[in-house]
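Descriptive analysis of the structure
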Amino acid sequence: MTDAPRGRQEVAVTILRAVGDPFEAESMEAGPAVSEPSHVALLNRLFYDSTVDLGGLVRIGSRTYVCTRAGWRIVPPGRES
């Protein structure tokens, strides 16, 4: 049996909504940007592969992100739906 490489943790990734309301996404553009490099890479891949579009919501681990025209933003608690 082999162990997972050190330093790499598996996290759950869930697409909560592939496409959302562009006006709702616009209201979140001023929110905090994604700061975790591995999350940025994964979220950008989902966008560029056309899996998620503007207003889409993606949960990685315990954090939820929204796709906006200004880039990926952290969804404030209570607005994850």
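See the structure shown above.
Described below are features of the structure shown in this document. (Residues numbered from 1 in each chain as written. Predicted model: local features only at pLDDT ≥ 70, side-chain atom pairs only at ≥ 80, totals over all residues. Heavy atoms only, no water.)

**What to know about the nonpolar core**
Grouped together as the largest cluster of nonpolar side chains are 10 residues: V34, L43, L46, V52, V58, I60, Y65, C67, W72 and I74. Secondary structure elements with two or more residues in this core: α2 (37-48), β2 (57-60), β3 (63-68) and β4 (71-74). Dropping the residues within four chain positions of it, V52 is found in contact with I15, R17, A18, L46, F47, V58, C67 and W72. With five residues, the next largest nonpolar core counts A25, L57, V66 and V75 among its residues. (Core = buried A, V, L, I, M, F, W, Y, C linked by side-chain atoms within 4.5 Å. Buried < 20%, exposed > 50% of the residue type's maximum accessible area, 1.4 Å probe, protein only. Helix = DSSP H or I, 4+ residues; strand = E, 2+ residues; numbered from the N terminus. Contact = heavy atoms within 4.5 Å.)

**Concerning the pattern of salt bridges**
Opposite charge on two side chains permits pairing when their charged atoms draw close. Across all of its chains, the model carries three salt bridges by this definition. With a shortest N-O distance of 3.2 Å, R17 and E24 are connected by a salt bridge. The partly exposed category is assigned to R17, whose relative accessible area is 22%. The residue E29 makes a salt bridge to R69 at a minimum N-O spacing of 3.4 Å. Taken together, the residues E29 in the loop between α1 (22-27) and α2 and R69 in the loop between β3 and β4 connect sequence positions 40 residues apart. You can call R69 exposed: its relative accessible area is 63%. Residues joined by salt bridges that share partners form a network here, namely E26, E29 and R69. (Salt bridge = Lys/Arg side-chain N within 4 Å of Asp/Glu carboxyl O.)

Geometry only, nothing functional implied.
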